[in-house]
Amino acid sequence: IPVTGVQTCALPIFIVSVISAFGDVAMVCGPAFFELAPTVMEILKLASQTPIDQEDPELVEFWHALNEAILDACLGMVNGYEKVDSPQQLPKAVQPFTQFMLLFLVYVYNSKPPPSGVVAVVGLLYDIADILGGFDQNVCDYIKNNAELTTILREQATNPVSEYAQKSATKAIALLGL
């Protein structure tokens, strides 16, 4: 469903808030959230495909806010996974979700987001490498072998939009041995 009428409707703000809240719930619930994860992942995937009119500044602003909310939800889910004791506790759904997150990170970064979006991209990329990569070396190998992801890290380590982005990128580079 295309989003229209941002200026006359509070629905977009509500949508952004709900999407972002998934991450908060996942962090609080930890492994108890795993049962809901596949459904939430599908919602995030659908939200990431929201079509908008790129010529409408208000819709573009909403679109960037929506993308940041999706990144926040992903970040909360990844941090919720940190509470498991072993890889066997991770749901089978984590692998396709990890692929979605990494592809979405590149998509958002390439869409020229505001600085807060770049910070969210780099922070999530570091957490994926640190937390999920800690359970599955294939995650780290994928990041290391993906030119777009390593470019994001190198750009933000040398020419960051913020000190936090630089620290996250530098930690990820060290963690991955780039």
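The structure displayed is predicted, hence computed values, not measured ones.

Undergrad: Help me understand the pattern of salt bridges in this model?
TA: This model, assessed by the stated rule, comprises 3 salt bridges. Between Glu163 and Lys167 there is a salt bridge; the shortest N-O distance is 3.1 Å. One end of the pair, Glu163, and the other, Lys167, are both in helix H8 (residues 163-176), 4 residues apart, so they sit about a helical turn from each other. For Glu163, a relative accessible area of 53% gives the class exposed.

Undergrad: Would you explain the nonpolar core in this entry?
TA: For soluble globular proteins, the rule of thumb is that nonpolar side chains tend to be buried together. In this structure, Leu44, Ile70, Met77, Phe97, Met101, Ile128 and Ile143 are the most contacted members of the largest nonpolar core, which totals 54 residues. For this core, the elements supplying multiple residues, two or more each, are helix H1 (11-29), helix H2 (37-48), helix H3 (57-81), helix H4 (94-110), helix H5 (115-135), helix H6 (137-145), helix H7 (147-158) and H8. Broken down by element, this core gets its largest block of residues, 11 residues, from H5. Ignoring any residue separated from it by four or fewer positions in sequence, one finds Met101 in contact with Cys74, Val78, Leu124, Ile128 and Leu132.

Undergrad: Looking at this structure, I do not really get unusual backbone geometry. What am I missing?
TA: Across the chain, the bulk of peptide bonds are trans and the bulk of non-glycine residues have phi less than zero. Despite not being glycine, Lys112 shows a phi value in the positive range, around 55°. Locating Lys112 in the fold gives a position in the loop between H4 and H5. The exposed category is assigned to Lys112, whose relative accessible area is 67%.

About the cut-offs
- Residues numbered from 1 in each chain as written.
- Predicted model: local features only at pLDDT ≥ 70, side-chain atom pairs only at ≥ 80, totals over all residues.
- Heavy atoms only, no water.
- Salt bridge = Lys/Arg side-chain N within 4 Å of Asp/Glu carboxyl O.
- Helix = DSSP H or I, 4+ residues; strand = E, 2+ residues; numbered from the N terminus.
- Buried < 20%, exposed > 50% of the residue type's maximum accessible area, 1.4 Å probe, protein only.
- Core = buried A, V, L, I, M, F, W, Y, C linked by side-chain atoms within 4.5 Å.
- Contact = heavy atoms within 4.5 Å.

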